[in-house]
Amino acid sequence: MKSIPEALKVRGRAVRLARWNPRATPGCKDKDEAAERLAQNLARIDTLQYRLYGESRRSLLIVLQGMDTAGKDGVIRNALTVFNPQGCRVWSFKVPTPDEAAHDFLWRIHRAAPARGDVAIFNRSHYEDVLVVRVHGLVPRNVWSRGYKLINAFESHLHEQGTRVLKFFLHISRKEQRQRLLARLDEPLKRWKFSDADLTERTRWRGYQRAYEEALARCSTKYAPWYVIPSDRKWYRDLAVSEIVVDALEQMNPRLPKAKLDLKRLRARLAR
């Protein structure tokens with residue numbers, strides 16, 4: 001049986017999301033197992049982030065993309081909440097401000113890239129320029145289509161500078177999205193998140209699926225892979241993301257710097 005990272009990594013130059021079951025749970029048999037493993041992963045992430053921060057040579061970038069209600073906020077809250085805020089920042093990329101729009105589309109993204117020793121989590125990202133911009137026809141095809149090459153070059157640069165890049169597409173079904181949108185209407189605590197724009201975007205479902213397929217196929221690289229996370233089952237979604245993050249951090253194997261201390265002398269002074 002393949003591990004979760006191996007089962008969900010995008011490979012090859014052709015991606016058809018219809019072939020990825022959003023209710024699948026590869027590498028995990030049930031919700032109880034997922035809960036136990038998630039707890040173990042969170043503890044491991046806590047330790048590995050501490051080592052990454054102490055090492056202060058490399059960094060980690062986590063990119064979250066998905067249709068409305070796919071669970072980007074949920075993943076941050078449930079699978080990534082263990083990150084110490086001192087060394088982690090979450091960025092939510094909305095419509096560009098006038099200042100951002102006056103620059104190239106990667107300008108605001110590069111400013112948010114993690115410093116050495118840190119973790120950055122992108123809630124939406126530089127991929128909006130080959131997703132929303134494409135689907136809404138905001139610029140001609142010959143403009144947005146150049147974005148793939150620019151994105152790959154940008155992510156390659158981050159990799160060369162010591163940043164590990166992990167990209168997650170949270171894959172939900174149209175039926176599940178409908179249920180989650182209805183739940184927002186029914187639950188007062190979530191009603192504020194509902195917008196007419198959600199319904200407008202839902203009418204563009206097929207366009208977004210095609211846009212995601214091309215982005216996943218053209219921008220999943222060895223140095224910045226994409227993972228398609230089945231997200232109809234929230235418990236599996238959270239487990240899968242945490243498992244891939246742990247796997248990446250363990251491969252990085254950050255090491256704390258060796259302390260150069262005269263322990264005998266220091267203990268003697270503390271004993272006074």
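Residues numbered from 1 in each chain as written. Predicted model: local features only at pLDDT ≥ 70, side-chain atom pairs only at ≥ 80, totals over all residues. Heavy atoms only, no water.

Chemist: An account of the side chain of His171 is needed here, citing residue identities and associated values.
Modeler: Within the secondary structure layout, His171 lies in strand β4 (residues 163–171). A distance of 2.9 Å separates the side chain of His171 from the backbone oxygen of Trp20, its partner in a polar contact. Those residues within four positions of His171 in sequence are excluded, and the remaining contacts are Leu17, Trp20, Pro22, Gln209, Val228, Ile229, Pro230, Ser231 and Asp232. (Helix = DSSP H or I, 4+ residues; strand = E, 2+ residues; numbered from the N terminus. Polar contact = N/O pair within 3.5 Å; in protein donor to acceptor, adjacent residues only side chain to side chain. Contact = heavy atoms within 4.5 Å.)

Chemist: Now, about the environment of Thr25: what can you tell me, with residues and values included?
Modeler: Among the secondary structure elements, Thr25 is positioned in the loop between α1 (4–8) and α2 (31–55). Note on Thr25: relative accessible area 22%, which makes it partly exposed. Each C-alpha atom, one on Thr25 and one on Ala183, is 23 Å from the other, the two residues being 158 residues apart in sequence. (Buried < 20%, exposed > 50% of the residue type's maximum accessible area, 1.4 Å probe, protein only.)

Chemist: Got a sec to walk through the sheet that holds strand β1 (residues 59–66)? Specific residues and values, please.
Modeler: In a beta sheet, neighbouring strands are held together by backbone hydrogen bonds and run either parallel or antiparallel to one another. If you trace the five strands from one edge of the open sheet to the other, you get β2-β3-β1-β4-β5, paired in parallel fashion. If you trace the sheet from one side to the other, it starts and ends with β2 (88–92) and β5 (226–230), each paired once. Looking at each pair of strands side by side, their axes are set apart by 20° on average, direction ignored. Sheet topology places β1 next to β4; eight bridges connect them, and they run parallel. When the bridges of β4 are listed, Leu61 appears paired with Val165. (Pairing = 2+ DSSP bridges. Axes fitted to C-alpha atoms, helices over the stretch in contact; angles between N-to-C directions.)

Chemist: I'd like a rundown of the pattern of salt bridges, residues and numbers included.
Modeler: For the coordinates displayed, the defined rule picks out 17 salt bridges. Here Glu6 ties to Arg11 by a salt bridge, and the two come within 2.5 Å at their closest N and O atoms. Residue Lys167 pairs with Glu155 through a salt bridge whose shortest N-O separation is 2.8 Å. On the criterion of sequence distance, the pair formed by Lys167 in strand β4 and Glu155 in helix α8 (residues 147–160) is long-range, its members being twelve residues apart. (Salt bridge = Lys/Arg side-chain N within 4 Å of Asp/Glu carboxyl O.)

Chemist: If you had to explain the packing of α8 against helix α12 (residues 205–219) to someone new, which residues and values would you point to?
Modeler: Look at α8 against α12: their axes get within 10 Å of each other, and the N-to-C directions meet at 45°. Classed by the angle they form, the pair α8 and α12 counts as oblique. In the packing of α8 onto α12, the handedness of the crossing is right-handed. The segment α8 lies against α12, with Tyr148, Ile151, Asn152 and Glu155 engaging Glu214, Ala215, Arg218 and Cys219. The residue makeup of the contact of α8 with α12, split by class, is four nonpolar, one polar and three charged. (Parallel < 35°, antiparallel > 145°, perpendicular 65-115°, else oblique. Left-handed = near helix turned anticlockwise from the far one by under 90°. Nonpolar A, V, L, I, M, F, W, Y, C, P; charged D, E, K, R; others polar.)

Chemist: Kindly report on the packing of aromatic side chains, identifying the contributing residues and their values.
Modeler: Overall, the coordinates contain six aromatic pairs when judged by the stated rule. A cation over an aromatic ring shows up here: Arg89 above the ring of Trp91, its NZ or CZ 3.8 Å from the ring centre. (Phe/Tyr/Trp six-rings, centres within 6.5 Å; stacked < 30°, edge-to-face > 60°. Lys NZ or Arg CZ within 6 Å of the ring centre and 35° of its normal.)

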